[in-house]
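Close look at the chain arrangement
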Amino acid sequence: MPASVIKSTVDTKSPAAQKNHRRIVDLLTQLKNEEEQICVGGGPKAVDSQHKKGRLTGRERVKKLVDPGSQFFELGIYAAYEMYEEWGGAPGAGVITGLARVCGRTCMLIVNDATVKAGAFFPMTAKKVIRAQNIAIENRIPTIYLVDSAGIFLPLQEDVFPDTDDFGRVFRNNAVMSAMGVPQIAAIMGMCVAGGAYLPVMCDHILMTEGSGLFLAGPALVQAAIGQKTSAEELGGAKMHSQISGTVDFREPDDESCIARIRSLVDKMGAPNTAPFSHTKSRDPLYPGEEIYSIFTADPGKQYDMRDIIARIVDASEFDEYRAESGVTLLCGYARIGGWAVGIVANQKKHVQTFARGSDQKRIEFGGVIYTESAEKAARFTLDCNQNRIPLIFLHDVNGFMVGKDAEWSGIIRAGAKMVNAVANSVVPKITVICGGSFGAGHYAMCGKAYDPRFVFAWPTARYAVMSGDAAATTLAEIKLKQLEREGKKVDEKQKKEVYESIRSTYEHQTDPRYAAARLWVDAIIDPAHTRDALIWALEAAALNSEIREFKTGVLQT
């Protein structure tokens, strides 16, 4: 094999590998069942109600809109998961978002699910729409809105209406996207009322189906406000807006014809500017992606070689490793994914024997920990990728930065600051995949959500928090027990264990990737075997934006 090809010799039949495989398959089965339930939306009765109005459901519309035989890459399906239960829940936050091929073009779809509270906007609904818009803005993705919403969910209006990441930001983004030349098509396929009426009208093309309504105030509110009696059709129906107000560009008889018109409009869009990133013909990895199930372990006491994971993601399993013998707990290197050139920064989970900095003394460096040399290597590699216009992929399984006297004397804070600076100021697309742990400052240095990755994906095995569950539970339990002692309460060993387990259970629940996905900290929980597919979607989307601003880092710690 050429030197750049990863030679993977993993025994996928070993007992340990089989145990890893079963665990991930069990997690994926659970996720699939939950996702199927989310896709039901408001339930069979709500679906029947939509059909009785002569309308398709949001998911039925998506299926008809995307190219036949192509995949809809859904984002944010877990939004609002286990939230708003006092209101009956809001599966998927009542809106469907994701990337799709429409007439061969990559598009962002934002589709109200009217089976969930009539498509009303909960706080997370607004945030999910805004996240989809922000992805479209960053990557210059043409965006299609299928509107069918009753507007703001009034009992929670104070959390939907006023802030910078609330409902009003949606329309601000409409205006910004239009000014940037990002194509937007909006189809009113049901109700579109109050402030929500601005969304379609601020898009480039407006379509409306018969029986739909577009008005700032519905008939009942108009009568209450000014005493005027009018029907919904006369006030804001498709015919009125087509013939009298001149607001809509296309009046369509039903959902099917409206979707056909949208596809016709997309078909005539001009081609995007040429991508500034290197791209060649895609080549499959040498090893099947499903073997990742057997290789990866989330057990903190077990090790695995991240190179074996990379070998099952990158084209032809080729990986030009950068400074392979230095800073060994972070792997850096160049590869291609789907033909796109990428730079990969990945946590290595194997313990490695090396030499202490500046001496001939041997030491063990623990996998998943970022040492001074690792941080400096990653910072230098990040600078290089920006210099050469190479998108960056971050694969997380990080415990954090090394601590202790030796680490402090070696300048770990300075090196970490250098890495964080390089990642924060990086101007090439950054895509993050949280495979295992993503804890503490290590999460930031590896391009966590606060560092503007274009996309954030998580495996079902991901854990996302300040520190691991065991460490946090121990710390929090000690604080709680000391508090009880100060109150004069005696706590026996059984009670101590109960306090610890209670805290640990709560904390572990909050580190679950579904908890993160519910709050849109991650864009999608993906099957590890399909990591390559997700990254190709993300890279193709990122390539639609041909603009790269000047790269500057300011003052770097040296």
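Quick note: structure is the one above.
First things first, this report covers the structure right here in the doc. Fair warning: this is a prediction, and the values are worked out from it, not measured in the lab. Position labels on residues start from 1 in each chain and follow its written sequence. The predicted nature of this model means local features are confined to residues of pLDDT at least 70 and side-chain atom pairs, given and counted, to a pLDDT of 80 or more, with totals for whole chains, interfaces and linings taken over all residues. Working from all heavy atoms in the structure, the side-chain values ignore hydrogens and water.

1. Here's the deal with the layout of surface pockets
A cavity here means a set of points on a 1 Å grid, drawn over the protein atoms and nothing else, where a 1.4 Å probe fits but cannot get out; a pocket is an open set with protein on both sides within 12 Å along at least five of seven lines, and a residue lines either one if it has an atom within 4 Å of a point. Grid points are joined across faces, edges and corners, and a volume is the space filled by probe spheres set on the points. Roughly 640 Å³ of volume is contained in the second largest pocket. Under the grouping applied here, Gly and all other residues not named as nonpolar or charged are polar, the nonpolar ones being Ala, Val, Leu, Ile, Met, Phe, Trp, Tyr, Cys and Pro and the charged ones Asp, Glu, Lys and Arg. By residue class, the composition of the lining of the second largest pocket is 13 nonpolar, two polar and six charged.

2. As for the side chain of lysine 418
Here lysine 418 is to be found in helix α15 (residues 412–424). One buried charged residue, lysine 418, remains without a salt bridge, the closest side chain of opposite sign being glutamate 376 at 4.1 Å. Every residue pair with non-hydrogen atoms within 4.5 Å of one another is taken to be in contact. Look past the residues within four positions of lysine 418 in its chain and what remains in contact with it is Glu376, Ala379, Leu556, Gln557 and Thr558. Only DSSP runs of H or I covering at least 4 residues are called helices, and only runs of E covering at least 2 are called strands; the numbering of each starts at the N terminus. Relative accessible area decides the class of each residue, using a 1.4 Å probe on protein chains only: under 20% of the type maximum gives buried, over 50% gives exposed, and in between gives partly exposed. His is not counted, nor are the chain ends; Lys and Arg add positive charge and Asp and Glu add negative charge. Salt bridges are defined as contacts in which a side-chain nitrogen from Lys or Arg sits within 4 Å of a carboxyl oxygen from Asp or Glu.

3. What to know about the packing of aromatic side chains
Pairs were defined over the aromatic rings of Phe, Tyr and Trp, the Trp ring being its six-membered one, requiring ring centres within 6.5 Å. Orientation was assigned from the angle between planes: stacked under 30 degrees, edge-to-face over 60, tilted for the rest. On inspection of all chains with the given rule, the structure shows 18 aromatic pairs. Ring-pair connections join several aromatic residues into one group, and the members of that group are Phe73, Phe455, Phe457 and Trp537. The ring of tyrosine 515 has arginine 519 lying over it, and the distance from NZ or CZ to the ring centre is 3.5 Å. Either the NZ atom of lysine or the CZ atom of arginine qualifies as a charge over a ring when it sits within 6 Å of the ring centre and within 35 degrees of the ring normal.

4. A word on the packing of helix α13 (residues 372–387) against α15
Every angle, taken between N-to-C directions, lies between 0 and 180 degrees, and every axis is a line fitted to C-alpha atoms, over only the stretch in contact when it is a helix. Between α13 and α15, whose axes approach to 8 Å, the crossing angle comes to 25°. Overall, the two elements α13 and α15 adopt an arrangement that is roughly parallel. Crossing angle aside, the handedness with which α13 passes α15 is left-handed. Listed contacts from α15 to Thr372, Ala375, Glu376, Ala378, Ala379, Thr382 and Leu383 of α13 are Ile412, Arg414, Ala415, Gly416, Lys418, Met419, Ala422 and Val423. Classifying every residue of the contact of α13 with α15 by side-chain character gives nine nonpolar, three polar and three charged. Should an angle fall under 35 degrees it is taken as roughly parallel, and over 145 as roughly antiparallel, whereas 65 to 115 is taken as roughly perpendicular and any remaining angle as oblique. Each helix crossing is assigned a hand: it is left-handed if the near helix lies turned anticlockwise from the far helix by less than a right angle, otherwise right-handed if that turn is clockwise.

5. Focus on the nonpolar core
Counting residues in each nonpolar core, the largest one holds 80 residues, and the members touching the most others are Ile310, Ile344 and Phe457. For isoleucine 344, the contacting residues outside a window of four places in its chain are Ile310, Val314, Phe319, Leu331, Cys332, Gly333, Ala335, Phe381, Ile393 and Leu395. The term nonpolar core refers to a set of buried residues drawn from Ala, Val, Leu, Ile, Met, Phe, Trp, Tyr and Cys, joined through side-chain atoms within 4.5 Å.

6. Some remarks on the pairing of strand β11 (residues 340–347)
Most of β11 sits inside the fold, with eight of its eight residues counted as buried. Residues Trp340, Val342, Ile344 and Ala346 line one face of β11 and the alternating positions Ala341, Gly343, Val345 and Asn347 line the opposite face, and both faces are buried. The pairing criterion is simple: DSSP has to find at least two bridges between the two strands. In this sheet, β11 lies alongside strand β10 (residues 330–337) in antiparallel orientation, the contact comprising eight bridges. Paired with isoleucine 337 across the bridge in β11 is tryptophan 340. In this structure, the hairpin formed by β10 and β11 is closed by a connection of two residues, where glycine 338 is found at a positive phi of approximately 60°.

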